[in-house]
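Summary of structural features
Residue strings, one per chain:
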Amino acid sequence: MKLSKNLFSARPLHPIQMGWFILMELLLLFGETFSKFHVFGPFHLFDLSFVLLAVWSLYFYFKQPSAFLLWPLLLVLGFSVAYLVWSWVAALGPANYMIRQYALFVYMGGSWLLFASYIKEEYAPFNIRFIALMGVAALAIQLVYLFYLALFTDDFSLFGNFNYYNKMTVIALLAGGAYLLVYVPRLWQKILVASAFLLLSTTLGHASAFMAAFMIIASYILLHFNRTFKIISLVALVLIIAGFIVYLPQFSDHNAEWRVVFWRTSLKEIILQKYALLGHGFGVPYSSQEVLDAFREQLNSPWFEVRPEEQYLSPMHNSFITMAFHIGLLPSLLILVPVWPALVYLFGSSRVTRTSVRDFLVLSLIGVSVWSSFNVVLELPHSATFYWLVYFTLVYEFRYRSKAT
């Protein structure tokens, strides 16, 4: 189960790379205790550390300018800055809410700067190794935590409760499941890993965690089919997911209905009122009057009306719709452009040269993207940077390492 011999070489990490890894390790171990630890003013410990590390990385970036210029992503960041300036000049909302909402793009842009400041062929394998190690560590931590809950919690239930250790654990263990699925050598071991991975995902209390694990396994199978079977499998996959939504109670409970109403109403507004091109900016409520009416009439939920501040703080529980809300749907879709080679790799001909490393990164990005599509992930510090590490590592593997090697 080795990724590569280079991953275990004695070459030291780049200082920015090491600092970034340490921040994510602290999030894995201490979760919100670390990310929400108040330092002073508007700063919390993780955010302050992340910003200082990004400032330090500027020295390395300008010392030796990086070729890792993802123009589609830089355009997304440029749009976000323009909307932020417009929001400030037009005084669209309170400054504290404006800053809080813009954090989504701070974590994206800061992660790109950190990655670009050190990435070279010699450091790339350490990113892959770190993602794998974080994933395996998260799996181990989650299993130990479940045993702890079973032994010391009176009302413990393996299913139906939120049993995850912290938010970083969930997103990291998705990468851990992908790693084991790819690197265990025998078919019976893969079947065992897939079954255990699905079972573990159902104990976390989030149906979206099960969905992410299921998509990782389904995508792994998809990788090994030819194009005809890929099409058939995609149709079958859509039908299976539809069956989950219709027949499994976890996908049709109040939380699921809340998400569907919020997504449908928000997307309708983004597409019809903003022409899929414009965004709302920052500092504005996520829930329009149409959303409030939909919650009251369809779900009998006055949640946002009795808690007005939550209209600014609670986005759609889909990080990509949140991004589209702020800067527009079409501009936000630019984040798909850098990962296009990975999509070709997943859905292309079986004659495409495949490697275990690429399989692992593709499955990891699928898992963390599904998780981010059902939860507030990229907007918050607890796990956003891990997502972007997976994203940038995959892009570098497909777009840059192939040229270098």
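Residues numbered from 1 in each chain as written. Predicted model: local features only at pLDDT ≥ 70, side-chain atom pairs only at ≥ 80, totals over all residues. Heavy atoms only, no water.

1. A few points about the overall build of the protein
Stated formally: Helix and strand assignments follow DSSP, with helices taken as H or I runs no shorter than four residues and strands as E runs no shorter than two, numbered in order from the N terminus. Classification of residues uses two cut-offs on accessible area relative to the type maximum, computed with a 1.4 Å probe and protein chains only: under 20% is buried, over 50% is exposed, and between them is partly exposed. Residue contacts are defined here by distance: any two heavy atoms, one from each residue, within 4.5 Å place the two residues in contact. Throughout, the Shrake-Rupley method with a 1.4 Å probe supplies accessible areas, and for residues the shown protein chains are the sole cover considered.
When helices and strands are tallied, the protein shows 19 helices and two strands. For the protein, the proportion of its 405 residues judged to be buried stands at 53%. Taking as baseline every contact in the protein between residues at least 6 positions apart, the subset at least 24 positions apart corresponds to 79%. Carbon and sulfur atoms provide 69% of the accessible area of the protein, an area that totals close to 18900 Å².

2. As for the packing of aromatic side chains
Put simply, the rule reads: Stacked, tilted and edge-to-face pairs are distinguished by plane angle, under 30 degrees for stacked and over 60 for edge-to-face with tilted covering the rest, among Phe, Tyr and Trp rings (Trp via its six-membered ring) whose centres lie within 6.5 Å. By definition, being over a ring means that NZ of Lys or CZ of Arg is both within 6 Å of the ring centre and within 35 degrees of the ring normal.
According to the stated counting rule, one finds 42 aromatic pairs in the structure shown. Three or more aromatic residues joined by ring pairs form one cluster here, namely Phe68, Phe115, Tyr118, Tyr123, Phe320, Tyr387, Trp388, Tyr391, Phe392, Tyr396 and Tyr400. Positioned over the ring face of Tyr345 is Arg354, at 4.7 Å from the centre of the ring. Here Arg358 stacks its cationic end above the ring of Phe398, 4.5 Å away from the centre of that ring.

3. Considering the side chain of Asn163
Basically, it comes down to this: Definition of a polar contact: a pair of N or O atoms within 3.5 Å, with one able to donate and the other able to accept a hydrogen when the atoms are protein atoms, and with sequence-neighbouring residues admitted only if both atoms are side-chain atoms.
Note that Asn163 resides in the loop between helix H6 (124–152) and helix H7 (167–183). The buried category is assigned to Asn163, whose relative accessible area is 3%. A polar side-chain atom of Asn163 sits 3.0 Å from the main-chain carbonyl oxygen of Ser157. Excluding its chain neighbours within four sequence positions, the residues that come into contact with Asn163 are Gln142, Tyr145, Leu146, Leu149, Phe156, Ser157, Leu158, Thr203 and Leu204.

4. Comments concerning helix H5 (residues 95–118)
Note the following rule: A helix is expected to span 1.5 Å multiplied by its residue count minus one. Here the bend at a residue is taken as the angle between two axes, fitted respectively to the seven residues that end there and the seven that start there.
For H5, built from 24 residues, the straight-helix expectation of 34 Å at 1.5 Å per residue is met to within 8% by its first-to-last C-alpha distance of 33 Å. In the structure, H5 departs most strongly from a straight axis at Ala103, where the bend amounts to approximately 40 degrees. Most of H5 sits inside the fold, with 19 of its 24 residues counted as buried.

5. Digging into the nonpolar core
Counted only if it meets this: Here, the term nonpolar core denotes a set of buried Ala, Val, Leu, Ile, Met, Phe, Trp, Tyr and Cys residues that are joined through side-chain atoms within 4.5 Å.
Among the nonpolar cores identified, the biggest contains 105 residues, and Phe68, Phe105, Phe360, Phe386 and Tyr391 are the most heavily contacted of them. With residues near it in sequence (within four places) discarded, Phe386 still touches Met24, Ile131, Met134, Met168, Ile171, Ala172 and Ala175. Grouped together as the second largest cluster of nonpolar side chains are 17 residues, Phe262, Ala294, Met316 and Ile321 included.

6. With respect to the pattern of salt bridges
Quick reminder of the rule: Salt bridge, as used here: a side-chain nitrogen of Lys or Arg that lies within 4 Å of a carboxyl oxygen of Asp or Glu.
Counted by the stated rule, this structure contains five salt bridges. For the salt bridge of Glu32 with Lys167, the shortest nitrogen-to-oxygen distance reads 2.5 Å. With Glu32 in helix H2 (residues 32–35) and Lys167 in helix H7, the pair connects residues that are 135 residues apart, well separated along the chain. The exposure class of Glu32 is partly exposed, given its relative accessible area of 30%. The exposure class assigned to Lys167 is partly exposed, which follows from its relative accessible area of 28%. The partner of Arg296 in a salt bridge is Asp293, with the nearest N and O atoms 2.9 Å apart. Remark: Asp293 and Arg296 occur in helix H12 (residues 289–298); sequence separation between them is three residues, near one turn of the helix. A relative accessible area of 34% means that Arg296 is categorised as partly exposed.

7. Section: the environment of Leu278
By secondary structure assignment, the location of Leu278 is in the loop between helix H11 (254–273) and H12. In this structure, the C-alpha to C-alpha distance between Leu278 and Tyr83, residues 195 residues apart in sequence, is 9.7 Å. Every residue in contact with Leu278, bar those within four places of it in the chain, is listed here: Tyr83, Ile327 and Gly328.

8. Quick word on helix H9 (residues 207–223)
Along its 17 residues, H9 runs 24 Å from first to last C-alpha, staying within 8% of the 24 Å computed at 1.5 Å per residue. Of all the 17 residues making up H9, 16 are buried; the element is thus mostly covered by neighbouring parts of the structure.

9. Re a nonpolar patch on the surface
The cut-off we apply is this: Patches in this entry comprise residues that are over 30% relatively accessible and not in a salt bridge; like charges within 9 Å are linked, as are nonpolar side chains (Val, Leu, Ile, Met, Phe, Trp, Tyr) within 5 Å.
A surface patch of nonpolar side chains, amounting to about 600 Å² of accessible area, comprises Tyr275, Leu277, Leu278, Leu330, Leu333 and Leu336. Looking at the secondary structure, you find Leu333 in the loop between helix H16 (329–332) and helix H17 (340–347). Taking the relative accessible area as the measure of exposure, Leu333 reaches 41% and is therefore partly exposed.

10. Quick look at the packing of H17 against helix H18 (residues 356–372)
Threshold: Only the contacting stretch of a helix is used when fitting its axis, a line to C-alpha atoms as for every element, and angles between N-to-C directions run 0 to 180 degrees. An angle below 35 degrees is read as roughly parallel, one above 145 as roughly antiparallel, one from 65 to 115 as roughly perpendicular, and any other as oblique. Lys, Arg, Asp and Glu make up the charged group, whereas Ala, Val, Leu, Ile, Met, Phe, Trp, Tyr, Cys and Pro make up the nonpolar group; the residues left over, Gly among them, are polar.
Contact geometry of H17 with H18 gives a least axis separation of 11 Å together with a crossing angle of 105 degrees. As summarised for this structure, H17 and H18 are arranged roughly perpendicular, according to the angle between their axes. Between H17 and H18, the residues in contact are Ala342, Tyr345 and Leu346 and Arg358, Asp359, Val362 and Ile366, respectively. The residue makeup of the contact of H17 with H18, split by class, is five nonpolar, no polar and two charged.

11. So, the packing of helix H8 (residues 187–202) against H9
Put simply, the test is: By the definition used in this description, the sense in which the near helix is turned from the far one sets the handedness, with an anticlockwise turn below a right angle giving left-handed and a clockwise turn giving right-handed.
Running from N to C, H8 and H9 point in directions that differ by 160 degrees, and their axes come no closer than 7 Å. Judged by the inter-axis angle, H8 sits roughly antiparallel to H9. Considering only the axes of H8 and H9, their crossing is left-handed. Between H8, through Lys190, Ala194, Phe197, Leu198, Ser201 and Thr202, and H9, the contact on the second element is made entirely by Ala209, Phe210, Ala213, Phe214, Ile216, Ile217 and Tyr220. When the residues that make up the contact of H8 with H9 are grouped by side-chain class, the tally is 10 nonpolar, two polar and one charged.

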